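Chain by chain, the residues run as shown.
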Amino acid sequence: MQNNEDKFKKIIAHAKEYGFVFQSSEIYDGLSAVYDYAQNGVELKNNIKNYWWKSMVQMNENIVGIDSAIFMHPTVWKASGHLGAFNDPMIDNKDSKKRYRADVLVEDYMAKIEAKINKDISKARKRFGEAFDENEFRTTNGRIKDRQSKIESISGRLYGAMEAEDLKAIKTLIEDLEIVCPVSGSKNWTDVRQFNLMFSTQMGSVSEDADEIYLRPETAQGIFVNYLNVQKTGRMKIPFGIAQIGKAFRNEIVARQFIFRMREFEQMEMQFFVRPGEELKWFEHWKKRRIAWHKALGIPEENYRFHDHEKLAHYANAASDIEYQFPFGFKELEGIHSRTDFDLSAHQKFSNKKLQYFDPELNKSYVPYVIETSIGLDRMFLSILSYAYKEEKLIDGSMRVVLAIPPVLAPVKAAILPLTKKDGLPEKAREVMNTLKQDYLCQYDEKDAIGKRYRRQDAIGTPYCITVDHQSLKDNTVTIRDRDSMQQERIDISKLSEIIKEKLSIKFY
Ligand code: GAP
């Protein structure tokens, strides 16, 4: 059986080979943590965006969308706290000249201890078989208890120091644990310093007059600064939401795991403006709605879990992540945050403009509270690929690689395949293609044996292959093959569009 690391490598290779994701500027050896979406990738990405946008904007009468600029007035980032506090602690190794996130070095150290614990547990499971009780083993085995308490002590020191922004204490912890640079193998570290994650550039034609501005690190601020414009021009009444999909940029120190952590990525965010005091009710509401959105795709429930934050950011009074089980473990896919009135009040203060809403039912004005749902489009893409990639052994002993992408998100919905290149079959197949492409992205393919063409479509996740054969010329029927079951059904050409529509339908939440 392949391990998860192998599976992840295969997914990355498949994404390249079948035109989903390419490394940016590959001919120049690539640009670290920046990726391009290829011909199939962009379709999958657009379908995810549509699924999200419909669920937010079309299904909710009180949510509208905007598309704000990436560049914003620099004071926005002072008000939001990003200029002062959007930092990661970093440390350099003086010998290799490599830079690391100091907290990640310690977390990797803890992960190694955790891996040892897991190894002991799986050995014991093999030894004791059915009778094995993991919980009892964890609480009674001396070696495991020692390792577990070591992890707890390290994590207490790390997160305590992070919260207190005590950079010296983080350095001491790295020294105490004798962590070495993975490249040089030395313990020759610099001090830990704060590193701001925002990219900056200059706006203005003359360098002396130019203002330093930033590439937005989140799309949310474009919504906050526009909330009153939207409320007034859209005659919105609280509670109401504003949705946005767009690029965000972060100069991540540790950028790894393919498109999981990128320097240029896309977010789908929705800010929901509510009466102060009602925010926790809406927080629960949006937690339920968002997990239902994920589950409606038909991906197994056990692949998702909530991680409620115990330690909250200073502006939040509740926060929870939806985590997905990626091949490298459960990791954050989406955040749902109750951000209080922190952002709007800060913008009110820094801009000197009133950002209050007059509530006609209460007959008073207030700064609304905000519930935010924020999902990384690229992470959603990766979760779909991770779920969809399957290697299957067929009855005849051969293997197929299939992407079981939920049909509504699949890049190509149907492939039109004439059985042979002669006898008028291509012409008939073109007729079918011309009708179906009015509604769906289809591919026409007449090259190679039919089995090979099926495999090509399986590999990009096309839910339906429609084969035009000699019988089609006689009775206007075709076969439609289901990607997942590989079952074929003969149906009338006139029914194709309706049948595909039915198969692609999804209930929106
Ligand atoms: N406005 C709130 C906000 O930006 P966040 O937790 O920093 O919150 C929200 O980011 C989501 O954006 C994350 O759950 C993740 O899916 C995605 N995300 C954040 N940083 C990312 C990165 N470097 N690469 C890809 N996706 C990222």
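Not measured: the values here are computed from a predicted model.

Colleague: Even after reading the chapter, I still don't get the side chain of S383, so can you show me in this structure?
Modeller: Looking at the secondary structure, you find S383 in helix α13 (residues 377-388). Given a relative accessible area of 0%, S383 falls into the buried group. Once residues lying within four places of it in the same chain are set aside, the contact partners of S383 are Y324, F326 and L333.

Colleague: Can you walk me through the domain arrangement of the chain in this structure?
Modeller: One frequent convention defines the size of an interface as the accessible area lost when the parts assemble. Segmenting the chain into domains produces domain 1 (48-72 + 197-405), domain 2 (87-196) and domain 3 (412-504). Relative to domain 3, the C-alpha centre of domain 1 lies at a distance of 38 Å. Facing eight residues of domain 1, the contacting portion of domain 3 comprises nine residues. Roughly 680 Å² of surface becomes buried between domain 1 and domain 3 when both sides are summed, with 48% attributable to carbon and sulfur atoms. Summed over the shared surface of domain 1 and domain 3, the number is one salt bridge.

Colleague: What am I meant to see in the environment of V432 here?
Modeller: With respect to the helices and strands, V432 occurs in helix α14 (residues 425-436). Expressed as a C-alpha distance, the spacing of V432 and W53, which sit 379 residues apart in the sequence, is 30 Å. For V432, the residues in contact, after removing those within four places along its chain, are I416, I466, V468, I493 and L496.

Colleague: Would you explain the pattern of salt bridges in this entry?
Modeller: Charged atoms that come close allow side chains of opposite charge to pair. One pass over the full model with this rule turns up 37 salt bridges. With a closest N to O distance of 2.9 Å, D458 and R400 form a salt bridge. Taken together, the residues span a long stretch of sequence, with D458 in helix α15 (residues 450-460) and R400 in strand β18 (residues 399-403) at a distance of 58 residues. Since its relative accessible area comes to 0%, D458 is described here as buried. On the basis of relative accessible area, R400 is assigned to the buried category, the value being 1%.

Colleague: Where do I start with the pairing of strand β12 (residues 318-326) in this structure?
Modeller: One face of the sheet, then the other: side chains in a regular strand alternate in exactly this way. Counting buried residues in β12 gives eight out of nine residues, a clear majority hidden from the surface. The sheet contact formed by strand β11 (residues 304-308) and β12 spans five bridges and is antiparallel. Residue pairing in the sheet places Y304 in a bridge with Y324 of β12. As paired strands, β12 and strand β13 (residues 329-338) are joined by nine bridges and run antiparallel to one another. The residue of β13 that forms the bridge with I322 is E334. Linking two consecutive strands that pair antiparallel, namely β12 and β13, is a turn of two residues.

Colleague: When you look at unusual backbone geometry in this model, what are you seeing that I'm missing?
Modeller: The linkage connecting I238 with the following residue, P239, adopts the cis geometry, with an omega of 5°. Position of P239 among the secondary structure elements: in the loop between α10 (227-233) and β9 (240-249). One non-glycine residue, A33, lies in the positive phi region at around 60°. Here A33 is to be found in the loop between β1 (21-23) and β2 (35-37). Of note, the phi angle at F258 is positive, near 60°, even though the residue is not glycine. Looking at where F258 falls in the secondary structure, it is placed in the loop between β9 and β10 (264-274).

Colleague: Would you explain the packing of aromatic side chains in this entry?
Modeller: Two aromatic rings are characterised by how far apart their centres lie and by the angle between their planes. Per the counting criterion, the structure on display carries 19 aromatic pairs. With a centroid separation of 6.3 Å and an interplanar angle of 50°, the aromatic rings of W52 and W53 are classed as tilted. With a centroid separation of 5.3 Å and an interplanar angle of 70°, the aromatic rings of Y324 and F326 are classed as edge-to-face. Assigned by exposure class, Y324 and F326 land together as buried.

Colleague: Explain the pairing of strand β23 (residues 488-492) here, please?
Modeller: With five bridges connecting them, strand β22 (residues 477-482) and β23 associate as antiparallel partners. Counted as the bridge partner of T479 is R490 from β23. As consecutive antiparallel partners, β22 and β23 are separated by five residues, and within that stretch M486 has a phi angle of approximately 65°, a positive value.

Colleague: For this particular structure, what's the right way to read the site of the ligand?
Modeller: Every one of the 20 residues lining the ligand counts as a neighbour, but E218, E252, M262, E269 and E332 are closest to it. A distance of 2.8 Å is found between a nitrogen atom of the ligand and a backbone nitrogen or oxygen belonging to M262. The separation between a nitrogen atom of the ligand and a polar side-chain atom of E372 is 2.9 Å. Considered on its own, the ligand offers 560 Å² of accessible surface; in the complex 91% of this is hidden by protein. Every element with two or more residues in the shell around the ligand is listed here: β10, β13 and β16 (369-376). A total of five residues in the shell around the ligand trace back to one element, the largest contributor, which is β13. Of the residues that constitute the shell around the ligand, the class distribution is five nonpolar, five polar and ten charged.

Colleague: When you look at the sheet that holds strand β6 (residues 193-196) in this model, what are you seeing that I'm missing?
Modeller: By way of backbone hydrogen bonds, the strands of a sheet pair with one another, either parallel or antiparallel. If you trace the three strands from one edge of the open sheet to the other, you get β5-β4-β6, paired in antiparallel fashion. A strand with exactly one partner marks an edge of an open sheet, and here the two such strands are β5 (99-101) and β6. Direction aside, the axes of adjacent strands within the sheet are offset by 50° on average. Pairing analysis gives three bridges linking strand β4 (residues 87-92) to β5, with the strands arranged antiparallel. Each residue of the ladder has a partner; that of I91, found in β5, is Y100. Across the sheet, helix α5 (residues 102-128) is in contact with β4 and β5; its angle to β5 comes to roughly 70°. With respect to the sheet, helix α8 (residues 167-176) is in contact with β4 and β6, its orientation differing from that of β4 by roughly 45°.

Colleague: In this structure, what is going on with the state of the cysteines? I would like to understand it.
Modeller: Joining two cysteines, a disulfide is a covalent bond between their sulfur atoms. Under the criterion given, the structure shown has zero disulfides. With no disulfide partner, C465 has as its closest neighbouring cysteine sulfur the one in C442, 11 Å distant. Take C465: its relative accessible area is 0%, and that puts it in the buried class.

Rules used in this analysis
Residues numbered from 1 in each chain as written. Predicted model: local features only at pLDDT ≥ 70, side-chain atom pairs only at ≥ 80, totals over all residues. Heavy atoms only, no water. Helix = DSSP H or I, 4+ residues; strand = E, 2+ residues; numbered from the N terminus. Buried < 20%, exposed > 50% of the residue type's maximum accessible area, 1.4 Å probe, protein only. Contact = heavy atoms within 4.5 Å. Domains from an automatic or database assignment. Buried area = accessible area lost by both parts, 1.4 Å probe. Salt bridge = Lys/Arg side-chain N within 4 Å of Asp/Glu carboxyl O. Pairing = 2+ DSSP bridges. Phe/Tyr/Trp six-rings, centres within 6.5 Å; stacked < 30°, edge-to-face > 60°. Near = heavy atom within 4 Å. Polar contact = N/O pair within 3.5 Å; in protein donor to acceptor, adjacent residues only side chain to side chain. Areas by Shrake-Rupley, 256 points an atom, 1.4 Å probe, with all protein chains shown as cover. Nonpolar A, V, L, I, M, F, W, Y, C, P; charged D, E, K, R; others polar. Axes fitted to C-alpha atoms, helices over the stretch in contact; angles between N-to-C directions. Disulfide = S-S within 2.5 Å.

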